[in-house]
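Overview (structure and organization)
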Amino acid sequence: MISGETGTGKELVAKAIHYNSSRKDKALVAVNVAAIPSELIESELFGHEKGSFTGASIRRIGKFEEADGGSLFLDEIGEMELNLQVKLLRVLQEKEIVRIGSNNPVKTDCRIIVATNKNLKEEVKKGKFREDLYYRLLGLPIELPPLRDRGNDILILAHHFIETFCAENNIRPKKLSEKSQMKLLSYTFPGNIRELKSVIELAVTLSDEGEIEPADIILDAGEPVAYTPEGQLTLKEYELKIIKATLKKNNMDIKVAAGKLDIGVSTIYRILKDEKGWSQ
Ligand SMILES: Nc1ncnc2c1ncn2[C@@H]1O[C@H](COP(=O)(O)OP(=O)(O)OP(=O)(O)O)[C@@H](O)[C@H]1O
Ligand SMILES: [Mg+2]
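Rules of the game
- Residues numbered from 1 in each chain as written.
- Chains lettered and ligands numbered in written order.
- Predicted model: local features only at pLDDT ≥ 70, side-chain atom pairs only at ≥ 80, totals over all residues.
- Heavy atoms only, no water.
- Near = heavy atom within 4 Å.
- Polar contact = N/O pair within 3.5 Å; in protein donor to acceptor, adjacent residues only side chain to side chain.
- Areas by Shrake-Rupley, 256 points an atom, 1.4 Å probe, with all protein chains shown as cover.
- Helix = DSSP H or I, 4+ residues; strand = E, 2+ residues; numbered from the N terminus.
- Nonpolar A, V, L, I, M, F, W, Y, C, P; charged D, E, K, R; others polar.
- Domains from an automatic or database assignment.
- pLDDT = per-residue confidence, 0-100.
- Contact = heavy atoms within 4.5 Å.
- Expected span 1.5 Å × (residues − 1).
- Buried < 20%, exposed > 50% of the residue type's maximum accessible area, 1.4 Å probe, protein only.
- 1 Å grid on protein atoms, 1.4 Å probe; cavity = no way out; pocket = protein on both sides within 12 Å on 5 of 7 lines; lining within 4 Å.
- Points joined across faces, edges and corners; volume = space filled by probe spheres on them.
- Salt bridge = Lys/Arg side-chain N within 4 Å of Asp/Glu carboxyl O.
- Buried area = accessible area lost by both parts, 1.4 Å probe.

Things to note about the site of ligand 1
Inspection of the region around ligand 1 gives 14 residues, with Thr6, Gly7, Lys10, Leu12 and Arg194 positioned closest. The backbone of Gly9 places a nitrogen or oxygen atom 3.1 Å from an oxygen atom of ligand 1. Protein contact buries 80% of the 640 Å² of open area that ligand 1 shows by itself. Elements supplying a minimum of two residues to the shell around ligand 1: α1 (10–19), α7 (153–168) and α9 (192–206). Tallied by class, the residues present in the shell around ligand 1 amount to four nonpolar, five polar and five charged. For the shell around ligand 1, the domains that each give at least three residues are domain 1 (2–143) and domain 2 (146–220).

Shown next, in the form of structure tokens:
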């Protein structure tokens, strides 16, 4: 069981567990419990026989069977509904699943890795998570600390992200100035490592050759940007972030910002106009 705030690296740890295990040549199958409508999740996990419910036009194996011999990663397990929790517990105990609409149990052999950004013990107290399932899943609990509690790791990770981003984009490697390091170390990073990664990528983009200065490090730029589950921004979101940051850096002077970004003033207006709520 991996727990930790959003962006602390739970999925990364799940992958590390699987790919460093003797199951690495078999599948790592991920299911985001929160992302699948509750009426579909049972068939998603356990599969179904043809005709077992309206819409079940073909027989389909579930994620448990797909993960046979490998690992099944149940992300956001805290969102699972109580009635499904009962079924999951039974599967874990019996080590076999029954497809919807079938009477034949099928043996399963997979390592279960679960992740949650909730405090599951609290959920148990509130009656939202079954205590028996909690202890069945606990296994080796791995708690990922928030980035703000990881001290110098912030800088180690920042350097890592600078290096990879520069390499990917053919930019000469840059360094964080002393003051920039202090700025990063004193920030709380509510979005944890995912946030650090995007802050760094933006800083590399905004900075001049050589050193990244504090002004290039935009913390919590404007309103929060909605992250997609994979933690990547769309090109449009990047565009907007970069433009806002460049404007801020240049005292909201659109002409200067346009010059820095080597685009026309009208392009900036257009992109800002597309974005509702730009009020600064
Ligand atoms: N130790 C690390 N080294 C390098 N990159 C990391 C590390 N930990 C996390 N990341 C990166 O940070 C981002 C967020 O990680 P991940 O998706 O695993 O977080 P999460 O805990 O699953 O978040 P959420 O709860 O929002 O799903 C990813 O881009 C991941 O590659
Ligand atoms: Mg995740």
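Here we look at the confidence of the model for the protein chain
Here the protein chain shows a mean pLDDT of 89. Residues at 70 or above account for 94%. Contacts of residues 222–228 to residues separated by more than four positions or lying in other chains number 15 contacts, the stretch itself having pLDDT below 50. This model gives residues 276–280 a pLDDT under 50, and the stretch forms eight contacts once residues within four places in sequence are excluded.

A few points about helix α10 (residues 235–249)
Between the first and last C-alpha of α10 there are 21 Å, a value that for 15 residues agrees with the 21 Å anticipated at 1.5 Å per step. Among the residues of α10, Leu240, Lys241, Ile242, Ile243, Lys244, Ala245, Thr246 and Leu247 are the ones counted as buried. Among the structural elements, α9, α11 (254–261) and α12 (265–274) are those in contact with the buried residues of α10.

Considerations on the layout of surface pockets
Roughly 450 Å³ of internal volume is contained in the second largest pocket. Contributing to the lining of the second largest pocket are 20 residues, with Cys110, Arg111, Ile112, Ile113 and Arg136 lying nearest its centre. Elements that contribute at least two residues to the lining of the second largest pocket include exactly α4 (82–94), β8 (111–116) and α6 (131–138). Among the elements that make up the lining of the second largest pocket, the one with the highest residue count is β8 (four residues). Grouping the constituent residues of the lining of the second largest pocket by class yields 14 nonpolar, two polar and four charged.

Comments concerning the pattern of salt bridges
Within the structure shown, the criterion is met by 19 salt bridges. For Glu49, the salt bridge is made with Arg59, and the minimal N-O distance between the two is 3.8 Å. One end of the pair, Glu49, is in the loop between β3 (47–48) and β4 (60–61); the other, Arg59, is in the loop between β3 and β4, and 10 residues separate them in sequence. Lys63 is paired through a salt bridge with Glu66; the nearest N and O atoms lie 3.8 Å apart. In this pair, Lys63 and Glu66 both sit in helix α3 (residues 63–66), three residues apart, roughly one turn of the helix. Look at Lys63 and you get buried, because its relative accessible area is 15%. The exposure class assigned to Glu66 is partly exposed, which follows from its relative accessible area of 37%.

Focus: the domain arrangement of the protein chain
Assigned domains of the protein chain: these are domain 1 (2–143), domain 2 (146–220) and domain 3 (228–280). For domain 2 versus domain 3, the distance between C-alpha centres works out to 20 Å. Facing 10 residues of domain 2, the contacting portion of domain 3 comprises nine residues. The junction of domain 2 with domain 3 conceals about 850 Å² of combined surface from both sides, 58% of it contributed by carbon and sulfur atoms. When the buried surface of domain 2 facing domain 3 is broken down by residue, Arg194, Leu202 and Leu206 rank first, second and third, together holding 44% of it.

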